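If you want the building blocks of each chain, they are given just below.
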Amino acid sequence: MRGPLVVKRAFSEPLLLLAAFGSILLATTTLVALTMYASSIADAGVRRTMETASYRQIAATVSTPVTAETFPKFDRSVHAELGKAYTEPPAVTTSFRSDSYVMPGQDGQERPELLRFGSYDGLDRHARLVSGAWPRDAGDRVEAAISLSAASATGFKAGQQFTTKGRLDPRPVKVRIVGVFQLNDPFGERWAGEQLLSRGVERGEFTTYGPLMVPRQTFVARFATNVNATWTAVPDLRTLTPAQLRPLAGAIDQVGARLKADGCGSCVAASRLPEMLTQLDTASLVARSTMLIPVLQLLLLAAYALMLTARLLADHRRMEVALLRSRGAGTVRLAALAGGEALLVALPCAVAAPFLGPPLLALVNQLPWIKASGVRLAPSPDLGTFLVSFGVALAAAVLLVLPALAGARRTYVEEQSARGRGGGRGLIERAGADLALLVVAGLAIWQLQHYGAPVTATAAGALGIDPLIISGPALALLAGGMLGLRLVPRISKLAERLTSRRPTLAPALGAWQVSRRPLKYAGPALLLTMAIAIGIVSMATAATWRASQLDQARHQAGADLRLSGPPDGPELGALGRGTAFTALPGVTAYSPGFRGQTEVSGESALLLGVDATKLGTLFHLRPDLSSQPVGEMARALVGEQAGKLDIPGRPATLTLRAEADADVAVRLVLSDALGVWRDMPLGVLRKGENRIGLDLRALAGRTGKITYPLSLRGLVASSPQGTANLTLTGLDADGRELAAPPLSMKVARSTAGAFMPARPGPLPVVLTADLAASLKLAAGQAGPASIDRKVLQIKVVAVVDSMPTTAAGQQAVLADWGTLQAYELAAAQLPRPATEWWLAADDTAPAVKALKARPEWDVSALDQRQLAAELQDDPLASGLQGALMLGFMAALVFAALGFLVNATVAARERLGEFAILRALGVSSRQVFGLLAIEQAFVIGLSLAAGTGLAVAVGVLVVPHIVLTGQASAVTPGVVLDIPWGATVAMLALVAAVLFAIVAGLARRLRGHHGQLVEER
């Protein structure tokens, strides 16, 4: 062959050079793809977060009192500073609310009903006219538009005119209602701070209606009497990049200080966006750093596979190099030959890899969790990818050259003497480097477990990637694999002793061959061990991540569907909400509940009240979080229940007759068939006979329905004048007398009287472990505890590590809903409202759809299935899975390629040995059995060691690299999930491929043997 010596030399060993080319091409392509993937996922994660961010998360507000004189200056200053803070000027709206004005015709009353005026820029873009027109600046007479809900409450109509006066400003205001409007989304986040605008009426010490919306010019000229003005900036952040996150957060944080410096000393700036951007920047950094873990594992595997190939190549050329030296070739000449040969292989890979990376990522796009998230990775090669590609290729070329240089100084005689039998222990083992590497890996994993992520604070106070932590898993795999090499000579000698006692020749010869030259098989065994371990760890991490997302969703939701909102509303009253919610399509079980912060013996804790009889169906508690199953826990939670007096039929009114010997403030406690408790004020009962009528229909709301029968639970009374005696003398429902038992009570401050009194014992509760430790109570123990500053006896029926619906580290106490209400009544406390509804459903989608169609119900739904889908579709959280799959596939290809090359070269080197065995009478089947036994030893040992190593690394590492999309620790804690079915299938597939390689090699050797026979 003509051409340069480097080319001729390279083509003299086509198999090994082709293997080197394949290894380098695979390494450069996969690593370039992983680099592109990490960058693309970070961009996609930021973009997705910004696209799905709520109005409340991205809006920034500036508020300050203004007058007609100060507003123009403040307005210019706020617009200027907000424009400077954002990369692109945000949309800014200005809103105002006036002081209180008296309802027409109520001048002079002690407690008149009130009106407010307001202004909101661009209101016509967020509302539609029901009648009339939008107001204009009309001089002396104020034109105003009113919301439909406020119009219904006040009776105002389009075209109506009236005059009102301010409580602080006596000047009369002539008003003309020119239009009635309806907000497009009255209960959306835009109006979260505009309760009066969304509801139309606020009832408190005074009843206030409105606001009557007027143009900005009208408001500033007529109503800006040192009232509050609010500027709201809503930016378009869809094009935001990870590099812009922290600078933007810092700029927004400085808006308030810059406004004060500009003369607006009373300006208050508020926004959740800086915190969100900072957290997103951290999450993006953690996501990229976590994706470096499979990159380093793959780098280590690729480097080792290439070194094995380079060593084989150097072994094949030992005598050739020695002959060249004997003919005058110096070290520089030999190094140039080896370097040129390496570059001849590496440079084409460096050029091709950036163009092969995008098609490889297109395959990643087909992964179910990437495809479902809507993220489409379509990066194109840039300077960074070419730099990565050439850097990896040059490093590979150096690795390819090193073994050749190591033997370049040996003479022909030295090479001949070195071709003897190798030792049983390698240099690394003799030096103890594997043990030292194990110590370093242990330190790295300890740091990972300590810090919880591969990102730590730098010396400058910023966040940075800790190289030791991200290298920990890769170092652990290498150290574990190298320690496994110590087993090769020991296991081979044991196999030799066992097989030598058997009459069959092939097993004995195969075991003897491995025990005679263990280091010859240690290299391929380590490569296979690491590849198998990487594959299993990758599958375990992906499976653990998916299981953790489901665990998080179930924990955060607590039930299949959890509804929250105000316990009472104009559309659905306190006893109307449950009827509507339990009738939602698909609902199979339900429970009213209370969920709110409380104080337990000085500790802040979350109090949960849920129907314990429904816990087994509703309550999503992961089994490992408690030593008791939910069913057993539920039975123990049910304590003494309060008695009740059922009211027959479906009454609309209830009349009570009572006698008191002093003034007494009384509230009636009742409940419906769904278990919702509600108190109704009876007012102040005067001395003597009292007759009080109650309209029960008001408890349902405008469109709600009561679930009958209703039950009377008792009375809660207080006497402002010391003590008093109260006797219930009669009850009737819709005019029908009820056979109520006599109820008499002595009232002192706050006193309760039950229709069917109960004598409750200790309140059964479930506590989180940290709260139980604080109270010094264990499961089965009873003791005093203060709940909401009321001391009572509790009995701990179970202790859980983490309570569903709680955040990380949040203390909580769970009680049965009915038992808790009975204790509250016995302690003369008003019943807790049903702030939540816990629902079970096989399919929650129809119920969620029905709720979205009724925004006036003012309810927030937390759907466990939808939440799980959102968690799994988060690019930053799911990005590691795609990187793991890329690394997993590349590792298996490296394993197959390395095994093929090593097995082929080993068999080719021993053709003469096999010929001697055949001449001694050994059959071809026995020769091939000998080869199969040798390779089966490598395969079996590698599969077993790789599996064991993967389990060890998985237990130590995987739970600490599975984080939330915000780069925080997962609640509940991560549980390692090794998919043993898929793992066994993968091991079987790998074993089948490797044995297929051995079978193909055996057939090729048989062909070689046939050719030798024919030649003879």
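Residues numbered from 1 in each chain as written. Predicted model: local features only at pLDDT ≥ 70, side-chain atom pairs only at ≥ 80, totals over all residues. Heavy atoms only, no water.

**Observations regarding a nonpolar patch on the surface**
Link 1 in the chain: On the surface, a cluster of nonpolar side chains totalling about 500 Å² of accessible area is made up of L343, L347, V351, F355, F390 and L394.
Link 2 in the chain: Of all the elements in the fold, those that place two or more residues in the nonpolar patch are α12 (331-364) and α14 (383-406).
Link 3 in the chain: A per-element tally of the nonpolar patch places α12 first, with four residues.
Link 4 in the chain: Along the chain, F390 falls in helix α14. (Patch = residues over 30% accessible without salt bridge, like charges linked within 9 Å, V, L, I, M, F, W, Y side chains within 5 Å. Areas by Shrake-Rupley, 256 points an atom, 1.4 Å probe, with all protein chains shown as cover. Salt bridge = Lys/Arg side-chain N within 4 Å of Asp/Glu carboxyl O. Helix = DSSP H or I, 4+ residues; strand = E, 2+ residues; numbered from the N terminus.)

**Focus on the side chain of Q628**
Link 1 in the chain: Mapped onto the elements of the fold, Q628 is located in the loop between α23 (615-618) and α24 (630-637).
Link 2 in the chain: Among the polar contacts made by the side chain of Q628, one reaches the main-chain carbonyl oxygen of V797 at a distance of 3.5 Å.
Link 3 in the chain: The contacts of Q628, once residues within four sequence positions are left out, are M633, V797 and A798. (Polar contact = N/O pair within 3.5 Å; in protein donor to acceptor, adjacent residues only side chain to side chain. Contact = heavy atoms within 4.5 Å.)

**Looking at the state of the cysteines**
Link 1 in the chain: Taken as a whole and assessed by the stated rule, the structure comprises one disulfide.
Link 2 in the chain: Linked covalently through their sulfurs, C264 and C267 form a disulfide whose S-S length is 1.8 Å. Given an S-S torsion of about 80 degrees, the disulfide between C264 and C267 has right-handed geometry.
Link 3 in the chain: On the basis of relative accessible area, C264 is assigned to the buried category, the value being 2%. (Disulfide = S-S within 2.5 Å. Buried < 20%, exposed > 50% of the residue type's maximum accessible area, 1.4 Å probe, protein only.)

**Some details on the nonpolar core**
Link 1 in the chain: In terms of nonpolar packing, the biggest core is built from 142 residues, with Y86, L212 and L277 touching the most fellow members.
Link 2 in the chain: It is helix α10 (residues 273-316) that provides the largest number of residues to this core, a total of 15 residues.
Link 3 in the chain: Those residues in contact with L277 that sit more than four places away from it in its chain are M50, L240, L245, L248, A249 and I252.
Link 4 in the chain: The next biggest cluster of nonpolar side chains, apart from the first, holds 78 residues, and it includes V600, A658, L715 and L763. (Core = buried A, V, L, I, M, F, W, Y, C linked by side-chain atoms within 4.5 Å.)

**Here's the deal with helix α4 (residues 71-85)**
Link 1 in the chain: Taking 1.5 Å per residue, 15 residues should reach 21 Å; α4 reaches 21 Å between its end C-alpha atoms and fits that length.
Link 2 in the chain: Every buried residue of α4 is listed here: F71, F74, D75, S77, V78, E81, L82 and A85.
Link 3 in the chain: Elements in contact with the buried residues of α4: β1 (60-67), β2 (91-97), α7 (216-222), β11 (225-234), α8 (245-253) and α9 (255-261). (Expected span 1.5 Å × (residues − 1).)

**Regarding the confidence of the model for the chain**
Link 1 in the chain: For the chain, per-residue confidence averages 82 on the pLDDT scale, and 82% of positions sit at 70 or higher.
Link 2 in the chain: Here helix α16 (residues 427-431) stands out as the element of the chain with the lowest mean pLDDT, 47, in contrast to strand β30 (residues 836-841), whose mean of 95 is the highest.
Link 3 in the chain: Taken together, the stretch residues 420-431 has pLDDT below 50 and engages in 16 contacts with residues farther than four places along the chain or on a different chain.
Link 4 in the chain: Ignoring residues within four places in sequence, the model shows residues 1010-1016, a span with pLDDT below 50, making zero contacts including any to other chains. (pLDDT = per-residue confidence, 0-100.)

**Looking at the environment of I58**
Link 1 in the chain: Position of I58 among the secondary structure elements: in helix α3 (residues 55-58).
Link 2 in the chain: Residue I58 is classed as buried on the basis of its relative accessible area, which comes to 12%.
Link 3 in the chain: Sequence separation between I58 and M276 is 218 residues, and the spatial gap between their C-alpha atoms is 8.4 Å.
Link 4 in the chain: Filtering out sequence-adjacent residues up to four positions away, I58 remains in contact with A53, A233, V234, P235, L237 and L273.

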